[in-house]
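So the chains spell out like this:
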Amino acid sequence: MLETSAIHAGEPRPRVDGAVITPIFQSSTYDYTGQTDYHDVRYIRLNNNPNQLVLNQKIAALEGTEAALVAASGMAAIAGTLLSVLSSGDHLLAQDCLYGGTHGLLTKDFPSFNIAHTFVDPQNPASWKRHLRPNTKAFYAETLTNPLLELADLKAIVRFAKEHRLVTIIDNTFASPVNFRPASIGFDLVIESGTKYLNGHNDIVAGAVAGSGEWITKIKHRLDHLGGTLDPHAAFLLNRGIKTLPIRVRYQNESALKIARFLSQHRAIGKVNYPGLESHPQHERARELLAGFGGMISFELKGGVDAAEKMQERVRIPSIAVSLGGAETLMVRPAAAVHSNLSPEERAKTGIADGLIRLSVGLEGTDDLIADFEQALA
Ligand SMILES: *Cc1c(COP(=O)(O)O)cnc(C)c1O
């Protein structure tokens, strides 16, 4: 079971000096024992410190893959993965409305590496074929889009990719392996920002990628050179966070559903985006694919930007901050923060209203949060 793997998978047996908790190995180098391959030498950047190794095995167990690799950040995992799958001259199909950092990587950095991309509509599988090129190598998706919480036809992506021999990569950060395990429907590589639900405490930066042993070795070698390794102390904290991942996410699933229902019935609120609501355009698909609908909600106030800003000024429990997946409830207006790198036209095209608020439901009492929103909206 996930609860047991989150606590015990990958932990050294016998335990280190009998310690119930794997200690922090704050050592950059280890006795040389005859390794002949550079990537096997025991050195802190080469992802073989005991704190890193616990996570590599634990994350593979959670995702249900052969192997996994922890990385210095979600973006290190994304960049390391894409730069292992794609070479100069290659082309990538990616769903539109990507996480801001990934959007920037594809549009601002990859052109200078001669790696091209086309954004496709994830809801319209019939439109994908015409964007294929002879050099198309991979399809990149996200489980739930940010901030509108749309759910692509993920099974169609896997079918399409198999038919055209593309590698499938998915950023599963918003769902976490508790709510969705993309490898179980055939995705080749699964990426998580460990900064969010995996760690869950808003206090470190980390990332991970999971997949076949062959792919993970390739990505490890590239990341060894790019230098995107997780520090042992952050690895220790990430491992501590993961132990409570299943119970945290299940509580957040329940809490967010109640809050989404409350918001959708409030007279000051227009649209509420939450895959657990019957009104969500992909609600049926979410019920089929996801074990839970997650802790992320977005909503529009009828009063637009002014009303959204007033609500943010008046809430007492949530912090107004980017990021998500932690114990503390966070709110942000994407148009002002996470999607500020998009032009107003690009934002309009992706359906992100300037008055939209994104909410990451934390671990506080659900009734306390609802009472707080009630007074802020009044
Ligand atoms: C935060 C986030 C990332 C990037 O992760 P970092 O740990 O900040 O590098 C990637 N994808 C999604 C969906 C995210 O929310």
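Predicted, not measured: the structure shown is a model, and the values here were computed from it.

## Some words on the sheet that holds strand S7 (residues 207-211)
Inference 1: Strand order in the open sheet formed by seven strands is S1-S7-S6-S5-S4-S2-S3, and the pairing between neighbours is mixed. Across the chains shown, the open sheet's two edge strands, defined by having one partner strand only, are strand S1 (67-71) and strand S3 (116-120). Taken over all neighbouring pairs, the strand axes of this sheet differ in orientation by 20 degrees on average, direction set aside.
Inference 2: Two elements, strand S2 (residues 91-95) and S3, share five bridges in a ladder whose sense is parallel.

## Quick look at the packing of aromatic side chains
Inference 1: Counted under the stated rule, the structure contains five aromatic pairs.
Inference 2: An angle of 70 degrees between the planes, with centres 5.1 Å apart, marks the rings of Trp 128 and Phe 139 as edge-to-face. Placement of the pair is Trp 128 in the loop between S3 and strand S4 (136-142) and Phe 139 in strand S4, with a sequence separation of eleven residues. There is no split in this pair, since Trp 128 and Phe 139 are both buried.
Inference 3: Judged by centre distance (5.5 Å) and plane angle (80 degrees), the rings of Trp 128 and Phe 160 are edge-to-face. Here Trp 128 is found in the loop between S3 and S4, whereas its partner Phe 160 is found in helix H5 (residues 154-163), with 32 residues between them in sequence.
Inference 4: When the ring centre of Tyr 30 is taken as origin, the NZ or CZ atom of Arg 42, which lies over that ring, is 4.2 Å away.

## Comments concerning the sheet that holds strand S12 (residues 356-360)
Inference 1: Taking strand neighbours across the sheet as the criterion, the five strands line up as S8-S9-S12-S11-S10 in an open arrangement whose pairing is mixed. Where the open sheet ends on each side, the last strands, each with one partner, are strand S8 (269-273) and strand S10 (319-320).
Inference 2: Examined bridge by bridge, strand S9 (residues 296-301) and S12 share five bridges and lie antiparallel to one another. Paired with Phe 299 across the bridge in S12 is Ile 357.

## Considering the pairing of S9
Inference 1: Counting buried positions along S9 yields five of six residues, so the element is predominantly enclosed.
Inference 2: In this sheet, S9 lies alongside S8 in antiparallel orientation, the contact comprising three bridges. Each residue of the ladder has a partner; that of Ile 269, found in S9, is Leu 301.

## Here we look at the pattern of salt bridges
Inference 1: Counting across every chain of the model gives eight salt bridges.
Inference 2: Two residues, Arg 285 and Asp 153, come together in a salt bridge whose shortest N-O distance is 3.8 Å. Here Arg 285, found in helix H11 (residues 283-289), pairs with Asp 153, found in the loop between S4 and H5; they are 132 residues apart in sequence, far enough to count as distant.
Inference 3: The salt bridge partner of Glu 288 is Lys 155, with a shortest N-O separation of 2.7 Å. One end of the pair, Glu 288, is in helix H11; the other, Lys 155, is in helix H5, with 133 residues separating them in the sequence.
Inference 4: Classification of Lys 155 as partly exposed rests on a relative accessible area of 36%.
Inference 5: In the salt-bridge network here, residues are joined through shared partners; they are Glu 11, Lys 58 and Lys 243.

## A closer look at the packing of helix H3 (residues 74-85) against helix H8 (residues 213-226)
Inference 1: Remark: H3 packs on H8, axes separated minimally by 9 Å, with the N-to-C direction vectors making an angle of 115 degrees. With respect to each other, H3 and H8 are oriented roughly perpendicular. In the crossing of H3 with H8, the sense of the turn from one axis to the other is right-handed. Note on element contacts: H8 touches H3 through Trp 215, Lys 218, Ile 219, Arg 222, Leu 223 and Leu 226, opposite Ala 76, Gly 80, Thr 81, Leu 83, Ser 84 and Val 85.
Inference 2: A class-by-class count of the residues in the contact of H3 with H8 yields seven nonpolar, three polar and two charged.

## Side note on the site of the ligand
Inference 1: Taken together, 14 residues form the shell around the ligand, and within it Met 75, Asp 171, Ser 193, Thr 195 and Lys 196 come nearest.
Inference 2: In the model, an oxygen atom of the ligand is placed 2.9 Å from a nitrogen or oxygen of the Gly 74 main chain.
Inference 3: Between the ligand and Lys 196 there is a distance of 2.8 Å, counted from an oxygen atom to a side-chain nitrogen or oxygen.
Inference 4: Considered on its own, the ligand offers 380 Å² of accessible surface; in the complex 91% of this is hidden by protein.
Inference 5: Mapping the ligand onto the cavity grids shows that it belongs to the second largest pocket.

## What about the environment of Leu 149?
Inference 1: Note that Leu 149 resides in the loop between S4 and H5.
Inference 2: When its relative accessible area of 1% is taken as the criterion, Leu 149 is described as buried.
Inference 3: When sequence neighbours within four positions are dropped, the list of residues in contact with Leu 149 reads Leu 144, Phe 174, Asn 273, Pro 275, His 280, Met 296, Ile 297 and Ser 298.

## Observations regarding the side chain of Thr 145
Inference 1: Mapped onto the elements, Thr 145 comes out in the loop between S4 and H5.
Inference 2: Among the residues examined, Thr 145 registers a relative accessible area of 2% and is labelled buried.
Inference 3: Thr 145 has contacts with Gln 95, Cys 97, Glu 150 and Phe 174, leaving out every residue within four places of it along the chain.

How each quantity is defined
Residues numbered from 1 in each chain as written. Predicted model: local features only at pLDDT ≥ 70, side-chain atom pairs only at ≥ 80, totals over all residues. Heavy atoms only, no water. Pairing = 2+ DSSP bridges. Helix = DSSP H or I, 4+ residues; strand = E, 2+ residues; numbered from the N terminus. Axes fitted to C-alpha atoms, helices over the stretch in contact; angles between N-to-C directions. Phe/Tyr/Trp six-rings, centres within 6.5 Å; stacked < 30°, edge-to-face > 60°. Buried < 20%, exposed > 50% of the residue type's maximum accessible area, 1.4 Å probe, protein only. Lys NZ or Arg CZ within 6 Å of the ring centre and 35° of its normal. Salt bridge = Lys/Arg side-chain N within 4 Å of Asp/Glu carboxyl O. Parallel < 35°, antiparallel > 145°, perpendicular 65-115°, else oblique. Left-handed = near helix turned anticlockwise from the far one by under 90°. Contact = heavy atoms within 4.5 Å. Nonpolar A, V, L, I, M, F, W, Y, C, P; charged D, E, K, R; others polar. Near = heavy atom within 4 Å. Polar contact = N/O pair within 3.5 Å; in protein donor to acceptor, adjacent residues only side chain to side chain. Areas by Shrake-Rupley, 256 points an atom, 1.4 Å probe, with all protein chains shown as cover. 1 Å grid on protein atoms, 1.4 Å probe; cavity = no way out; pocket = protein on both sides within 12 Å on 5 of 7 lines; lining within 4 Å. Sits in = over half its atoms within 2 Å of the grid points.

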